[in-house]
Amino acid sequence: MKHELWTEGEKSQTFCLSGPRGDSARGLLGPGAKLAWTCEAASYFEAMTKYYEYMGWGEYISGFPEQDKKTYKELGWE
């Protein structure tokens, strides 16, 4: 699934799913928000791993790996 990173100003950002599943998150963005980056990922864990790499934050470590590593397909989202 496609994920989007939105930025507002220099410090605020939102990382969410693209399309209808991310509508509520994007609805919180102000009118000046800009789409900064996108990626494709098969699971939440994969998306967050790519996001951490993009941001230069090191390794993403999940507090709930069994759940976060389930693919979106396994969750019935595709």
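Points about the sheet that holds strand S2 (residues 12-17)
Spatially, S2-S1-S3 is the arrangement adopted by the three strands of the open sheet, whose pairing is antiparallel. The outermost strands of the open sheet, each flanked by one partner alone, are S2 and strand S3 (34-40). Adjacent strand axes in the sheet meet at a mean angle of 20°, parallel and antiparallel pairs treated alike. Where strand S1 (residues 2-8) lies against S3, six bridges are found, and the strand directions are antiparallel. Across the sheet, residue Trp-6 finds its bridge partner in S3, namely Leu-35.

What about the side chain of Ser-43?
One can find Ser-43 in the loop between S3 and helix H2 (44-55). By relative accessible area, which is 7% here, Ser-43 ends up buried. The residues touching Ser-43, leaving out its near neighbours within four places in the chain, are Asp-68, Lys-69, Lys-70, Thr-71 and Tyr-72.

Examining the layout of surface pockets
There is about 160 Å³ of room inside the largest pocket. When residues of the lining of the largest pocket are traced back to their parent elements, those giving at least two are S2, H2 and helix H3 (65-68). Among the elements that take part in the lining of the largest pocket, S2 stands out by supplying three residues, more than any other. Residues of the lining of the largest pocket, tallied by class, amount to eight nonpolar, two polar and two charged.

Description of the pattern of salt bridges
Overall, the coordinates contain three salt bridges when judged by the stated rule. Among the salt bridges present, the one from Asp-23 reaches Arg-26, with a minimum N-O distance of 2.6 Å. Of the two residues, Asp-23 and Arg-26 are both situated in helix H1 (residues 23-26); the distance of three residues between them amounts to about one turn of the helix. Taking relative accessible area as the criterion, Asp-23 reaches 44% and is therefore assigned partly exposed.

Calculation criteria
- In every chain, residue numbers begin from 1 and rise along the written sequence.
- Residues qualify for local features only when their pLDDT is at least 70, as the model is predicted, and side-chain atom pairs are given and counted only at 80 or more; totals for whole chains, interfaces and linings, by contrast, use all residues.
- To get the side-chain values, all heavy atoms of the structure are used, and hydrogens and water are removed first.
- Any two strands are treated as partners once DSSP identifies two or more bridges connecting them.
- Helix numbering and strand numbering both begin at the N terminus, where a helix is a DSSP run of H or I of at least 4 residues and a strand a DSSP run of E of at least 2.
- Note on method: axes are straight lines fitted to C-alpha atoms, helices fitted across the in-contact stretch only, with angles between N-to-C directions ranging 0 to 180 degrees.
- Partly exposed residues are those whose accessible area sits between 20% and 50% of the maximum for their type, while under 20% is buried and over 50% is exposed, using a 1.4 Å probe and protein chains only.
- The criterion used for residue contact is that any of the two residues' heavy atoms lie within 4.5 Å.
- The method works on a 1 Å grid over the protein atoms by themselves. A cavity is a set of points holding a 1.4 Å probe that cannot get out, a pocket is an open set with protein on both sides within 12 Å along at least five of seven lines, and residues with an atom within 4 Å of a point line them.
- Grid points are joined across faces, edges and corners, and a volume is the space filled by probe spheres set on the points.
- Think of it as three bins: nonpolar holds Ala, Val, Leu, Ile, Met, Phe, Trp, Tyr, Cys and Pro, charged holds Asp, Glu, Lys and Arg, and polar takes everything else, Gly as well.
- When a carboxyl oxygen of Asp or Glu is within 4 Å of a side-chain nitrogen of Lys or Arg, the pair counts as a salt bridge.

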